[in-house]
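Tertiary structure, described
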Amino acid sequence: MPLARPSAYSRVQRHVQTVGILWLVWAAWSMIGWLIALPFVAGAFGGWGYWGHGGHHSYVFGPGFPFPHMIWLPELITALVIGRSLLAVVTGIGLLRRAPWARSLAIVTSFLTLIKPLTGTILSIYTLWVLLPAPSGQDYEQIAVP
């Protein structure tokens, strides 16, 4: 008697959970990397000119040395990193829950993250390889939970 052959999984079914988990890990990786870099960036764009103790404040080189007109840059970069990480978290959770809108969001997020060197580029290429082809759209619709 022939054995029942296991059903063949599509590329989307095999990889969508991995892609979702990787988006969550990448969001955490991105935030941790920025939290490590933030003191150095903040120092370079506004904190190194301040050498004060207690109530006595003195600026040796002037406020914002060596970039006095770019004190706003660390806050802007922080907002962008938080926004990018939130987008990655929403993408990852949506893919793990098999939300109908998650495939579209993952494709958009992949294109936005494509230029982030190394880890972002690799994750984006992997996500696009899994979810972008037209047959992948049909496969995702079959596994999506309404």
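Residues numbered from 1 in each chain as written. Predicted model: local features only at pLDDT ≥ 70, side-chain atom pairs only at ≥ 80, totals over all residues. Heavy atoms only, no water.

1. Brief notes about helix α5 (residues 134-143)
Taken together, the buried positions of α5 are occupied by Ser136, Gly137, Tyr140 and Ile143. End-on view of α5: buried residues confined to an arc of 130°, all on one side of the axis. Residues of α5 that are exposed and point more than 90 degrees away from the buried face comprise Ala134, Gln138, Glu141 and Gln142. (Buried < 20%, exposed > 50% of the residue type's maximum accessible area, 1.4 Å probe, protein only. Helix = DSSP H or I, 4+ residues; strand = E, 2+ residues; numbered from the N terminus. Arc of directions from axis to C-beta.)

2. Focus: the confidence of the model for the chain
For the chain, per-residue confidence averages 83 on the pLDDT scale, and residues scoring 70 or more make up 79% of the total. Of all the helices and strands in the chain, α5 carries the lowest mean pLDDT, 88, while helix α3 (residues 102-113) carries the highest, 95. Low pLDDT (under 50) marks residues 51-56, which in the prediction has 5 contacts with non-local residues, meaning those over four places away or in another chain. (pLDDT = per-residue confidence, 0-100. Contact = heavy atoms within 4.5 Å.)

3. Focus: the packing of α3 against helix α4 (residues 119-131)
For the pair α3 and α4, interaxial distance at closest approach is 9 Å and the crossing angle is 145°. The handedness of the crossing between α3 and α4 comes out as left-handed. Contacts from Arg103, Ala106, Ile107, Ser110, Phe111 and Thr113 of α3 reach α4 at Gly120, Thr121, Ser124, Thr127, Leu128 and Leu131. Partitioned by chemical class, the residues of the contact of α3 with α4 number 5 nonpolar, 6 polar and 1 charged. (Axes fitted to C-alpha atoms, helices over the stretch in contact; angles between N-to-C directions. Left-handed = near helix turned anticlockwise from the far one by under 90°. Nonpolar A, V, L, I, M, F, W, Y, C, P; charged D, E, K, R; others polar.)

4. Remarks on the packing of aromatic side chains
According to the stated counting rule, one finds 2 aromatic pairs in the structure shown. Each ring, one from Trp23 and one from Trp26, has its centre 5.9 Å from the other, and the planes form 80°; the classification is edge-to-face. Taken together, the residues Trp23 and Trp26, both in helix α1 (residues 11-47) and 3 residues apart, mark about one turn of the helix. For the pair formed by Trp23 and Trp26, the shared burial category is buried. Relative to Trp129, the ring of Tyr126 has its centre 6.2 Å away and its plane inclined at 20°; by these criteria the two rings are stacked. Of this pair, Tyr126 and Trp129 both sit in helix α4, 3 residues apart, which is roughly one turn of the helix. Given the relative accessible area of 41%, Trp129 is considered partly exposed. Taking the ring centre of Trp129 as reference, the NZ or CZ of Arg11 above it sits at 4.5 Å. (Phe/Tyr/Trp six-rings, centres within 6.5 Å; stacked < 30°, edge-to-face > 60°. Lys NZ or Arg CZ within 6 Å of the ring centre and 35° of its normal.)

5. Here we look at the nonpolar core
The tendency in soluble globular proteins is for nonpolar side chains to be buried side by side. Formed by 19 residues in total, the largest nonpolar core has its most connected members in Val12, Val16, Trp23, Leu95, Leu131 and Tyr140. Secondary-structure elements contributing two or more residues to this core are α1, α2 (73-96), α3, α4 and α5. Tallying contributions element by element places α1 first for this core, with 6 residues. With sequence-adjacent residues up to four places away left out, Val12 is seen in contact with Val130, Leu131, Ser136, Asp139, Tyr140 and Ile143. Trp34, Val41, Ala44 and Phe45 belong to the second-largest nonpolar core, a separate cluster that totals 6 residues. (Core = buried A, V, L, I, M, F, W, Y, C linked by side-chain atoms within 4.5 Å.)

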